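# An overview of the molecular structure
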Amino acid sequence: MNAPAKYPHLFAPLDLGFTTIKNRVLMGSMHTGLEDVADAGPRLAAYFVERVRGGVGMIITGGICPNREAGRGAVLATPEDAVMHAGITKAVHEADPDVKIVMQILHSGPLAGTPECVAPSAIKSRIGAFVPREMDEELIEKQIADFATCARLAKEAGYDGVEIIGSAGYLISAFLVEKTNQRNDRWGGSWENRMRFAVEVVRRVRATVGREFILIFRISAMDMLEGGLAWEEVLSLAKAIEAEGADIISTHFCWHEAFVPTIATMVPRAAFAQVTGRLRKHLRVPMITSNRINMPSVAEEVLARGDADLISMARPMLADPDLVKKALEGREDEINTCIGCNQACLDHTFTGQITSCLVNARACRETELNFPKVTKAERIAVVGAGPAGLAYATIAAERGHKVTLFDAADEIGGQFNLAKRIPGKEEFYETLRYFARMIEVHGIDLRLRTRVDAAMLKAAGFDRVILATGIEPRTPEIEGITHPKAISYIDAILGRKPVGKRVAIMGAGGIGFDVAELITHAGPSGALDIPTFAAEWGIDFTNHPRGGVTGVEKRVQTSGRDVTLLQRRTTSVGKSLGRTTGWTHRLSLQRRDVKMVNGVDYLRIDDAGLHALVNGEPMLFEVDTIIICAGQEPSRVLHDELVSQGVAATLIGGAFEAMELDAKRAIKQASELAAA
Ligand code: FAD
Ligand code: NAP
Ligand code: SF4
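Being a predicted model, the structure only gives us computed values, none of them experimental.

The rules we used
- Residues numbered from 1 in each chain as written.
- Chains lettered and ligands numbered in written order.
- Predicted model: local features only at pLDDT ≥ 70, side-chain atom pairs only at ≥ 80, totals over all residues.
- Heavy atoms only, no water.
- Near = heavy atom within 4 Å.
- Polar contact = N/O pair within 3.5 Å; in protein donor to acceptor, adjacent residues only side chain to side chain.
- Areas by Shrake-Rupley, 256 points an atom, 1.4 Å probe, with all protein chains shown as cover.
- Helix = DSSP H or I, 4+ residues; strand = E, 2+ residues; numbered from the N terminus.
- Nonpolar A, V, L, I, M, F, W, Y, C, P; charged D, E, K, R; others polar.
- Domains from an automatic or database assignment.
- Contact = heavy atoms within 4.5 Å.
- Buried area = accessible area lost by both parts, 1.4 Å probe.
- Salt bridge = Lys/Arg side-chain N within 4 Å of Asp/Glu carboxyl O.

## Quick word on the site of ligand 2
- For ligand 2, the set of nearby residues contains 21 residues, the closest of which are Ala508, Ile511, Arg568, Arg569 and Leu661.
- Between ligand 2 and Arg474, the relevant distance is 3.1 Å, taken from a nitrogen atom to a side-chain nitrogen or oxygen of the residue.
- Within the side chain of Arg569, a nitrogen or oxygen atom sits 2.7 Å from an oxygen atom of ligand 2.
- Calculation on ligand 2 without its partners gives an accessible area of 890 Å², and the protein chains cover 78% of this total.
- The dominant element in the shell around ligand 2, judged by the number of residues it contributes, is helix α18 (residues 510-520), at 3 residues.
- Here the shell around ligand 2 is built from residues that sort into 7 nonpolar, 7 polar and 7 charged.
- In terms of domain composition, the shell around ligand 2 takes at least three residues from each of domain 2 (379-473 + 633-675) and domain 3 (486-522 + 558-630).

Here it is, written out as structure tokens:
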């Protein structure tokens, strides 16, 4: 198929001299956990093949360790280890011989999570589990040799290349930065000495694999670390790596310890691509950029600006394996867009669970969660067009059922229509756009502004009734809860009731945090532009001081409201938020001077404000508004009516269980049920 005119850059092949990459989109490396399961080979093969069929030009695997001290994950150090990999490369090349598959070699160094971990100096990372062993010459030589052996075995296993990760706080980058390298031998001290390990690894790998094998080096182009790499060092390293024969340099914007969000949903799309663009001007090899590039139009813009030669999309390939194909066929409105939530991908990785995706529960479950066509179509009613109802309805219709989807509201989306109004959550609009299009594609009979009751359902005689009626906000039993000062989060978010200058938020779960974010932001809600994001997180894209952040002042615009976030538990406020994003929300609110109070026992609300005991001491919060964010209860009125009339119905999403409900669980449960 010819490339559509709107993507002249995206679909242009890239000639590397000895081989060609068929288009400019690659799936970036992600550790999914599939590498470590018993049937890793077939599951990884199915996962990759689905992305190959979806049109991607190149795949970079999750990180594979070159030896045992490099990490706890899968190791490629012997011919026996290579057997699984040969199965993967064979499956990928059979699916499309033009797609390249490149294995990432990951040596985690001080972040390896094993007591055997090694590093240039015995300095424990803030997020590392162990103090690493400081290597002597012999051990350093062993690591370099193991990189080379791993690359040779990857080539023998049928990979088209290897990517060496030299960023993020892993071993190679630990040599580069003074903070983690305090040696005074030939591997530390001066910049030339600190970059010696990186250069030596590339040299030895190239010498081992020969010329005609893709060698990618991933560099920390801006590591977001106070005292991190200076611009001159980044440039000097990139040039040295190029001189040693790297075919492609991939730019990474990450050091796991850094206090700057680089992929979370509040990061503007393609925010970091400009750094790749600056580096690209000084190099001859093609360059990859990444981070929050989640739609083909964004990728095309980056390429057209000359900021990169290739676009890495990692999480967007979890959300929609067919992203590239859909762009090629002009079906962008059918793309299930990655919303940058990290809830089912990175949060899973960091808690030892297999990766998946909030908006695509099939991701990494390609061998077990499938949606085959049915032989006998049923008439199905789905009540509630929130995430659970939408996921169920679209999958059931895709399978061939005749689905009628009801919602009392005048738009689909349920609570996502509240979430999308929170600053930094604008990507939720994309999920609603995707489902709206799926409703059209699969011919679902959508009935909005229709509050369903039991009599209606009974009269219509559906074969199956699915109740995705969601939740009701919980109203705590506190004296004065009906006082005009007390309003629900729904009224606050929709602006149906005014929010005063002094505010107490009762409940510090996900919604309490979101409400605090909304009411403390200045001006109209909307995705941050890149300069505002940079100012808020203290990034200087122009002058690129060390790490991009050293000595940069953070400037936050606020609404000027005086906000206090309260919870009853004595645990630290915000502890229940996502593993990889919770800290960004806490920091964002702290910068807006939001006070966080735990151990609160609410007593009553009156004209003076909110009376409470805080850790046993009486306290009056003199506020104008109290926003109730005290969790939710299942909405089961319709279910109870149906039961009383003897009509069978299945509950899903919040209607099934409101406790600890989130969209990830709602969509997963609905998808599994619709597949059954
Ligand atoms: P709902 O989304 O509540 O949808 C239920 C639907 O049923 C509604 O549209 C309602 O109108 C309809 N309905 C009810 N009764 C009837 C009836 N009798 N007839 C017709 N229609 C009916 N989750 C995350 O995972 N990540 C987040 O970042 C996140 N952020 C959030 C931010 C905010 C501000 C809020 C409010 C929620 C957030 N959530 C988030 C939670 C997430 O939105 C919910 O878990 C999810 O929407 C639950 O889906 P559901 O389909 O079960 O219910
Ligand atoms: P939640 O996370 O369960 O938080 C509810 C809060 O209310 C808690 O702070 C709870 O803690 C408090 N509470 C519970 N019962 C109370 C009572 N009777 N009186 C006073 N306070 C009470 O629920 P939520 O904030 O409503 O969010 C709903 C779901 O949406 C969550 O499960 C969440 O996962 C999801 N969500 C996720 C995100 C995200 O970014 N991932 C964002 C928004 C929402 P105490 O009892 O200690 O006060
Ligand atoms: Fe993207 Fe969220 Fe899916 Fe991760 S879980 S791939 S961040 S949509």
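Having seen the model, we can carry on.
## Some points on the side chain of Asn23
- If you trace the backbone, Asn23 turns up in the loop between β2 (20-21) and β3 (25-27).
- A distance of 2.9 Å separates a polar side-chain atom of Asn23 from the backbone oxygen of Gly55.
- In this structure the side chain of Asn23 is engaged in a polar contact, spanning 3.2 Å, whose partner is the backbone nitrogen of Gly57.
- Every residue in contact with Asn23, bar those within four places of it in the chain, is listed here: Leu10, Phe11, Ala12, Gly55, Val56, Gly57, Leu310 and Val324.

## With respect to the domain arrangement of the protein chain
- Each domain of the protein chain was delimited in the assignment, giving domain 1 (14-339), domain 2 (379-473 + 633-675) and domain 3 (486-522 + 558-630).
- Spacing between the C-alpha centres of domain 1 and domain 3 amounts to 41 Å.
- Taken together, the contact pairs 6 residues of domain 1 with 4 residues of domain 3.
- Together, the buried faces of domain 1 and domain 3 total about 350 Å²; carbon and sulfur atoms form 84% of this surface.
- Together, Phe259, Pro261 and Met266 form the three largest contributors to the area buried by domain 1 at its contact with domain 3, with a combined 74%.
- The tally of links from domain 1 across to domain 3 stands at 0 salt bridges.
- For the interface between domain 1 and domain 3, the tally reads 0 residue pairs in polar contact (both at pLDDT 80 or more).
- Of the residues that constitute the side of domain 1 that touches domain 3, the class distribution is 6 nonpolar, no polar and no charged.

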